[in-house]
Amino acid sequence: VLIASGNVQNVSCFGENDGRIDVAVFGGTADYTLVWSGPNTFFSDQLLIDNLSPGNYLLSITDAQGCSASYETEITEDSELQLSENHSNTLCFGEINGFIDLTIDGGQTPYDISWTTGGLEISTNEDLNGLSAGTYTVVVSDSNGCSSQLELAIFENEELIVGFDQEQPACLSNDGKIEAILTGGSGDYNYFWYDLNNGNALIATEPLITNLTSGNYFFEGFDDAGCSVNGTVLLSDAIGGVDLTST
C-alpha cells in the first residue's frame, strides 16, 4: 500500500510566500514519481516544497510498479493586520486636548502596541488622549510577529492674536476710538467690548468702538473654534495703555 503524509507550515503573515510542505511516502516500490500542482501554475517533483503562497496543493505519487496515491493539503494565511483611526486635532493653539482612537483588525491576538513621537515611545495603549500638536506613529504586532504601521499628524490652529489701534479722546470729550484687530485662529471672529467704567457693560460686538471717553475698556475676541483672546485698553486725555492676555 502506498501512503503519503505531510507536515504543513502555513504562511507566516498576510501577503507572504513562506509556506512549506514536507511529505513522507511509505510503502510501494521505490523509486517514486512525484508531481505537485498548485496555485499560479505551481509545479514541483520534490517531497519538500517551500516558499509557497496560500492555496491548495496536490501531490500525485506513482511507484515503480505503477501503483499510485495522492496527498492534498492547503496553505493558509491569517487575515491582513489592518489599522484605521479616528482623531481630533487640538482645539486651540498650545492646548493638549487632541486624541487618536485606533482600530485594529485582522492578524492574531494578542497585539503588541507601541506609540512613538519624536523618536520616543509614549504609550502602549490602543488609544491616545491629551495630545499636543505633532506627528504620531503606531506599530502594532500580532502574536505571529506580523506588524502594521500607521502615522498621522495632530494639527493646531494658528495662535489667535489681538492688536489695538486707538485714538485718545480730546480733553473732557467723547471722541475716542479703539479698533480690535484679530489675526490667526480659525474662521470668522466674534468681537465683544465691555466698558469697565460703567459696570462692565457690553457696549459693542464690532471691531471698532467710537464716541469713547477716557477710561478702561475690556475686549474679548473668539474664533470659530471657541478660542479666545482678550485685552484691556486705557484711554486717557494724555496717554494710552494696553494690557493683553490670551486664553
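Above this text you will find the structure in question.
Bear in mind the structure is a predicted one, so any value in this text is a computation, not a measurement.

### Thoughts on the nonpolar core
Working step 1: Ranked by internal contacts, the top residues of the largest apolar core, which has 16 residues, are F164, I178, W193 and F219.
Working step 2: Those elements giving two or more residues to this core turn out to be β15 (158–167), β16 (176–185), β17 (190–195), β19 (208–212), β20 (215–222) and β21 (228–235).
Working step 3: Excluding anything up to four places from it in sequence, I178 contacts F164, D165, Q166, W193, P207, L208, I209, L212, Y217, V233 and L235.

### Here we look at the sheet that holds β15
Working step 1: Strand order in the open sheet formed by 3 strands is β15-β16-β19, with antiparallel pairing between adjacent strands. Taken across any chain shown, the strands that pair with only one partner, and hence form the sheet edges, are β15 and β19. Adjacent strand axes in the sheet meet at a mean angle of 15 degrees, parallel and antiparallel pairs treated alike.
Working step 2: Judged from the 3 bridges that link them, β16 and β19 form a sheet pairing that is antiparallel. Residue E179 lies in a different strand from β19, and its bridge partner there is L208.

### Considering the environment of S236
Working step 1: Secondary-structure assignment places S236 in the loop between β21 and β22 (241–246).
Working step 2: For the pair S236 and A170, spaced 66 residues apart in the sequence, the C-alpha separation amounts to 8.7 Å.
Working step 3: Residues in contact with S236, not counting those within four places in the same chain, are Q168, P169 and S214.

### Remarks on a nonpolar patch on the surface
Working step 1: There is a patch of nonpolar side chains on the surface, built from V1, I3 and F26 and spanning about 350 Å² of accessible area.
Working step 2: Here I3 shows up in strand β1 (residues 3–9).

### Overview of the state of the cysteines
Working step 1: Enumeration according to the criterion identifies 2 disulfides in this entry.
Working step 2: Note that C13 is cross-linked by a disulfide to C146, the S-S spacing being 1.9 Å. With the S-S dihedral at roughly -95 degrees, the linkage between C13 and C146 falls on the left-handed side. Of the two residues, C13 is situated in the loop between β1 and β2 (19–26) and C146 in the loop between β13 (134–141) and β14 (147–154); the sequence distance between them amounts to 133 residues. In this pair, the class of C13 matches that of C146, namely buried.
Working step 3: With its sulfur 1.9 Å from that of its partner, C92 forms a disulfide with C227. The chirality of the disulfide connecting C92 with C227 is left-handed, given an S-S dihedral of about -100 degrees. In this pair, C92 is assigned in the loop between β8 (82–88) and β9 (98–105) and C227 in the loop between β20 and β21, connecting sequence segments 135 residues apart.

### Side note on the environment of L182
Working step 1: With respect to the helices and strands, L182 occurs in strand β16.
Working step 2: Looking at L182, the relative accessible area reads 8%, which means it is buried.
Working step 3: When the C-alpha positions of L182 and I3 are compared, they lie 85 Å apart, and in sequence the two are 179 residues distant.
Working step 4: In contact with L182, not counting residues within four places along its chain, are L160, I161, V162, Y189, N190, Y191, F219, G221 and V229.

### Considering the sheet that holds β2
Working step 1: One open sheet accounts for 3 strands, arranged β1-β2-β5; its pairing is antiparallel. Two strands lie at the open edges of the sheet, namely β1 and β5 (48–52), each paired on one side alone. Averaged over neighbouring strand pairs, the angle between their axes works out to 15 degrees when direction is ignored.
Working step 2: Bridge count for β1 against β2 is 7 bridges, and the pairing is antiparallel. The residue of β2 that forms the bridge with G6 is V23.

Basis of the calculations
- Residues numbered from 1 in each chain as written.
- Predicted model: local features only at pLDDT ≥ 70, side-chain atom pairs only at ≥ 80, totals over all residues.
- Heavy atoms only, no water.
- Core = buried A, V, L, I, M, F, W, Y, C linked by side-chain atoms within 4.5 Å.
- Buried < 20%, exposed > 50% of the residue type's maximum accessible area, 1.4 Å probe, protein only.
- Helix = DSSP H or I, 4+ residues; strand = E, 2+ residues; numbered from the N terminus.
- Contact = heavy atoms within 4.5 Å.
- Pairing = 2+ DSSP bridges.
- Axes fitted to C-alpha atoms, helices over the stretch in contact; angles between N-to-C directions.
- Patch = residues over 30% accessible without salt bridge, like charges linked within 9 Å, V, L, I, M, F, W, Y side chains within 5 Å.
- Areas by Shrake-Rupley, 256 points an atom, 1.4 Å probe, with all protein chains shown as cover.
- Salt bridge = Lys/Arg side-chain N within 4 Å of Asp/Glu carboxyl O.
- Disulfide = S-S within 2.5 Å.

Keep in mind these numbers describe shape, not what the thing actually does.
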